[in-house]
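# Per-entry structural report
Residues per chain, in single letters:
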Amino acid sequence: AQTVTQSQPEMSVQEAETVTLSCTYDTSESDYYLFWYKQPPSRQMILVIRQEAYKQQNATENRFSVNFQKAAKSFSLKISDSQLGDAAMYFCAYRSARPRSRGQFYFGTGTSLTVIP
Amino acid sequence: NAGVMQNPRHLVRRRGQEARLRCSPMKGHSHVYWYRQLPEEGLKFMVYLQKENIIDESGMPKERFSAEFPKEGPSILRIQQVVRGDSAAYFCASSPQGVSFNEQFFGPGTRLTVL
């Protein structure tokens, strides 16, 4: 089974600064998707950014970007110009793209991000 | 276009009672996934359903848990004879297709507390 590891239970960043959240995963598959989800205190899961494994170019969504290193099985999230509203739990997730897979997500244990005013 | 709906948002049960959690997928979505989030942990897959079919229940506990997604109406996750260890947030996610669609849309979750 695929495993997703987030080794930073907690991180903090000064408002307007940049922070990087780490994620590694273990898989024998070559075709898959990777995601970062944000879970604020409301507990709603909000998609932040996604990456298709076959794409070499790192995904970017406004202030959010990823560093996808397929060979190293690493998928870190960089948040630039951090804002108070970025404070939340961040989950890294893996999803197989194999036709025979069930398509469920495998989540890491999360990183709690605090933004300091 | 309403998002994924889950109800109730909060559910309190005493040990031994039954818990029934409902999920209405987004309009046009026929694939539903249930996940459980224990305190301080990430979401863990429980079951994957299509209309009237259970596709994969490999993440479901063998006893007391069941799920359905009838032709009409919401998907139901049912927990019989709840125990304190069942206290968790239960999330439902839906997609219009299975694997070929790379995103799932999550509901707000149901927080189950077992006294």
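Read on for a plain summary of the structure. Note that the structure is predicted; figures quoted are calculated from it, not measured.

Inspection of the entire model under this criterion finds 20 aromatic pairs over all chains. Plain terms: the ring middles of Phe105(A) and Phe107(A) are 5.7 Å apart, the flat faces sit at 20 degrees to each other, and that makes the pair stacked. The class of Phe107(A) is buried, set by a relative accessible area of 10%. Ring centres of Tyr35(B) and Phe106(B) lie 5.7 Å apart, and the angle between their planes is 45 degrees; this geometry places the pair in the tilted category. Here Tyr35(B), found in strand S4 (residues 31-37), pairs with Phe106(B), found in strand S10 (residues 105-106); they are 71 residues apart in sequence, far enough to count as distant.

Glancing now at the sheet that holds strand S7 (residues 65-68) of chain B. Residue and element names in this part refer to chain B. The strand order across the open sheet formed by four strands is S1-S3-S8-S7, and the pairing between neighbours is antiparallel. Pairing within the sheet leaves two strands with one partner each, and these edge strands are strand S1 (5-7) and S7. Neighbour-to-neighbour, the strand axes of the sheet open up by a mean angle of 15 degrees, direction not taken into account. Summarising the sheet, strand S3 (residues 19-24) and strand S8 (residues 75-79) pair through five bridges and their orientation is antiparallel.

Moving on: the interface of chain A and chain B. With 25 residues of chain A at the contact, the number on the chain B side is 25 residues. Contact between chain A and chain B buries roughly 2000 Å² in total, counting both sides, with carbon and sulfur atoms accounting for 49%. Our count for the contact surface shared by chain A and chain B stands at zero salt bridges. Applying the counting criterion to the chain A and chain B interface returns six residue pairs in polar contact (both at pLDDT 80 or more). When the residues that make up the side of chain A that touches chain B are grouped by side-chain class, the tally is 10 nonpolar, nine polar and six charged.

Bringing the nonpolar core into the picture now. Counting 25 residues, the largest nonpolar core has Tyr25(A), Trp36(A), Phe75(A), Leu77(A) and Tyr90(A) as the members making the most contacts within it. When residues of this core are traced back to their parent elements, those giving at least two are strand S3 (19-21), strand S5 (32-39), strand S6 (46-52), strand S8 (64-69), strand S9 (74-79), strand S10 (88-96) and strand S12 (111-116) of chain A. Broken down by element, this core gets its largest block of residues, four residues, from S10(A). When sequence neighbours within four positions are dropped, the list of residues in contact with Leu77(A) reads Val19(A), Thr20(A), Leu21(A), Trp36(A), Val48(A), Ile49(A), Phe64(A), Ser65(A), Val66(A) and Tyr90(A). Counting 23 residues, the second largest nonpolar core, distinct from the first, contains Leu11(B), Met26(B), Val47(B) and Phe65(B).

Calculation criteria
- Residues numbered from 1 in each chain as written.
- Chains lettered and ligands numbered in written order.
- Predicted model: local features only at pLDDT ≥ 70, side-chain atom pairs only at ≥ 80, totals over all residues.
- Heavy atoms only, no water.
- Phe/Tyr/Trp six-rings, centres within 6.5 Å; stacked < 30°, edge-to-face > 60°.
- Buried < 20%, exposed > 50% of the residue type's maximum accessible area, 1.4 Å probe, protein only.
- Helix = DSSP H or I, 4+ residues; strand = E, 2+ residues; numbered from the N terminus.
- Pairing = 2+ DSSP bridges.
- Axes fitted to C-alpha atoms, helices over the stretch in contact; angles between N-to-C directions.
- Contact = heavy atoms within 4.5 Å.
- Buried area = accessible area lost by both parts, 1.4 Å probe.
- Salt bridge = Lys/Arg side-chain N within 4 Å of Asp/Glu carboxyl O.
- Polar contact = N/O pair within 3.5 Å; in protein donor to acceptor, adjacent residues only side chain to side chain.
- Nonpolar A, V, L, I, M, F, W, Y, C, P; charged D, E, K, R; others polar.
- Core = buried A, V, L, I, M, F, W, Y, C linked by side-chain atoms within 4.5 Å.

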